[in-house]
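Here is what each chain is made of, one letter per residue.
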Amino acid sequence: MRARRWQRSAWWAWLAGGAALVAGCAAQEQRAAVAYTDEAWTFGRTTGHKLTTDHYELYTTLTDPVLVAALPDFVERAYARCRTLLPPVKEPQERMRIYLFATRGQWEAFTRRFTGARAATFLKVRNGGYSERGVTVIEYVSHAVTFPLLAHEGFHQYVHHYVGEEIPPWLNEGLAVWCEGQRWGMYALKEFDPWYNPSRQNQLIESLQGGHLHPLRRLLETHAGRIIEGSSRSVLTYYAQVWALVLFLQEGEGGKYAADFRRLLDDLGRPELLERARAGFIWSDRGDFNLGEAVFRAYIRDDIAAVEREYVNFLRARFLP
C-alpha cells in the first residue's frame, strides 16, 4: 500500500510539472535558446509543424504552442546528453527524424504505413513509442509519459545514427531508461536526473516486494522483442531492472564496477567490443554465444551469481522503504 501511495503522489507531481509547462506562470530558466525553424506540415487532413534544429527534423501534429515551443530545446539537450554518455563513433550526413502525433489514431495510421508487414508488432507497443530504421515515432499521451518516452526512444535513435547496432540489448534498454529521468521548470526542461523516474521506481518496488524480479542472467541474455510477448508486469519489471542495473554498475558497491562500465561504454560501436566478448567466450565451456552475457562477463565480471547478490542488495537498500 505504501508503494501505491508513493505512485499516486509522484504521478500528481508529474502532472503538476506538465500543467506548469503549459500555463507558463513564471520566467523561463535563463539558458541560451535553441535555434530552430518552424514550418507548416500536413499529415492527412491535419496541419502540424515541422521543427528543424541542428540535429533533428521533428514533425508534430500537437497544437499547444507552449508544448511545441518546448520540443526543440528538449530534443537538443537530450542529444547533447547522449553524446556525453556515448561519444560518437560516426557522424550521420542527415538530421534525425522524429514524428510526434497528437492522437493514437494518427500514430497508428503512420505506423501501418511506415512499418508495413511488421505493423502488427509495432501496434502492440504500449503508450505508442518506438524507433525503427533510425526514425522515432511517438504518440502524445501526457507530459508525464511522452517526454520520458521521447528521451528513451531518442537514445535508441542516437545509437543507430552515431554509434552502431552492435550493442547488448540489456545495455541498450538500460541506458534508454536511464535517459528518461528529468525534472521540469515552468516552461521547459530544468535538468535530466537518471534517479528521478517515478514509474520505473514504483515498478521496481512492487517487484521487489512481490518477489517478481527477473534473474540477472535472464536480463543479460534476453531482448525487448522477446520480453514484450510476456505479461505487462514482466515487461515493466524488465525495463525497471535494466535501469537499476545501469545505476548499480555506475554507483553500486562504492563504485566497484564504475571504471569497467565506463570502458564498456567507450568500446560500444568499436571492433574491440566484440573481440573482447568473443575472446572470453572461446576459453569458456558455455553453450551458444550470447552477446549480452558475453559482454557482461568480459567487461564487468565473469561470476554473474556474485554480481547478482550485490545487485539485489543494492536494489533493496536503495528502493525499499
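Preceding this section is the structure that the text describes.
Quantities reported herein were computed from a predicted structural model and do not represent experimental measurements. (Residues numbered from 1 in each chain as written. Predicted model: local features only at pLDDT ≥ 70, side-chain atom pairs only at ≥ 80, totals over all residues. Heavy atoms only, no water.)

Participant: Got a minute to help me understand the packing of aromatic side chains in this structure?
Facilitator: Between two aromatic rings, the relevant description is the distance of the centres plus the angle of the planes. Taken as a whole and assessed by the stated rule, the structure comprises 29 aromatic pairs. With a centroid separation of 4.7 Å and 55 degrees between ring planes, the pair formed by phenylalanine 122 and tyrosine 130 is classed as tilted. Here phenylalanine 122 and tyrosine 130 have matching classes, each one buried. Relative to phenylalanine 319, the ring of tryptophan 243 has its centre 5.6 Å away and its plane inclined at 55 degrees; by these criteria the two rings are tilted. Taken together, the positions of tryptophan 243 in helix 10 (residues 232-255) and phenylalanine 319 in helix 14 (residues 304-319) put the pair 76 residues apart, joining distant regions of the chain. By relative accessible area, which is 0% here, tryptophan 243 ends up buried. (Phe/Tyr/Trp six-rings, centres within 6.5 Å; stacked < 30°, edge-to-face > 60°. Buried < 20%, exposed > 50% of the residue type's maximum accessible area, 1.4 Å probe, protein only. Helix = DSSP H or I, 4+ residues; strand = E, 2+ residues; numbered from the N terminus.)

Participant: For this particular structure, what's the right way to read the sheet that holds strand 4 (residues 96-101)?
Facilitator: Hydrogen bonds along the backbone pair up the strands of a sheet, which may run parallel or antiparallel. Taken in spatial order, the six strands line up as 1-2-3-4-6-5 in an open sheet, and their pairing is mixed. Among the strands making up the open sheet, the edge pair consists of strand 1 (37-43) and strand 5 (129-132). Averaged over all pairs of adjacent strands, the angle between their axes in this sheet comes to 20 degrees, without regard to strand direction. In this structure, strand 1 lies alongside strand 2 (residues 46-52), joined through seven bridges in antiparallel fashion. Bridge pairing in strand 2 places threonine 37 opposite threonine 52. Strand contacts of helix 2 (residues 65-85): strand 2, strand 3 (56-60) and strand 4, with the helix running at about 145 degrees to strand 3, the strand carrying the most contacts. (Pairing = 2+ DSSP bridges. Axes fitted to C-alpha atoms, helices over the stretch in contact; angles between N-to-C directions. Contact = heavy atoms within 4.5 Å.)

Participant: Looking at this structure, how should I read the packing of helix 12 (residues 271-282) against helix 13 (residues 291-299)?
Facilitator: When two helices pack together, you describe them by how their axes are tilted relative to each other and by the distance separating the axes. Contact geometry for helix 12 and helix 13: axes closest at 8 Å, N-to-C directions at 85 degrees. Regarding the angle of helix 12 to helix 13, the classification is roughly perpendicular. Across the interface between the two elements, Glu272, Leu273, Leu274, Arg276 and Ala277 of helix 12 pack against Leu291, Ala294, Val295, Ala298 and Tyr299 of helix 13. When its residues are assigned to classes, the contact of helix 12 with helix 13 shows eight nonpolar, no polar and two charged. (Parallel < 35°, antiparallel > 145°, perpendicular 65-115°, else oblique. Nonpolar A, V, L, I, M, F, W, Y, C, P; charged D, E, K, R; others polar.)

Participant: Whenever I open this one, helix 5 (residues 143-163) confuses me. Can you help?
Facilitator: An α-helix turns once per 3.6 residues; consequently, residues spaced three or four apart project the same way. Taking 1.5 Å per residue as the helical rise, helix 5 with its 21 residues ought to reach 30 Å, and the 29 Å between its terminal C-alpha atoms agrees with that figure. Buried residues dominate helix 5, accounting for 19 of its 21 residues. Within two residues after helix 5, glycine 164 carries a phi angle of roughly 130 degrees, on the positive side. (Expected span 1.5 Å × (residues − 1).)

Participant: Whenever I open this one, the pairing of strand 8 (residues 189-192) confuses me. Can you help?
Facilitator: On any regular strand, side chains alternate: one points to one face of the sheet, the next to the other face. Looking at chain direction, strand 7 (residues 182-184) and strand 8 are connected through three bridges and run antiparallel. Its bridge partner being in strand 8, tryptophan 184 is matched across the sheet by leucine 189. Between strand 7 and strand 8, which pair antiparallel in sequence order, lie four residues.

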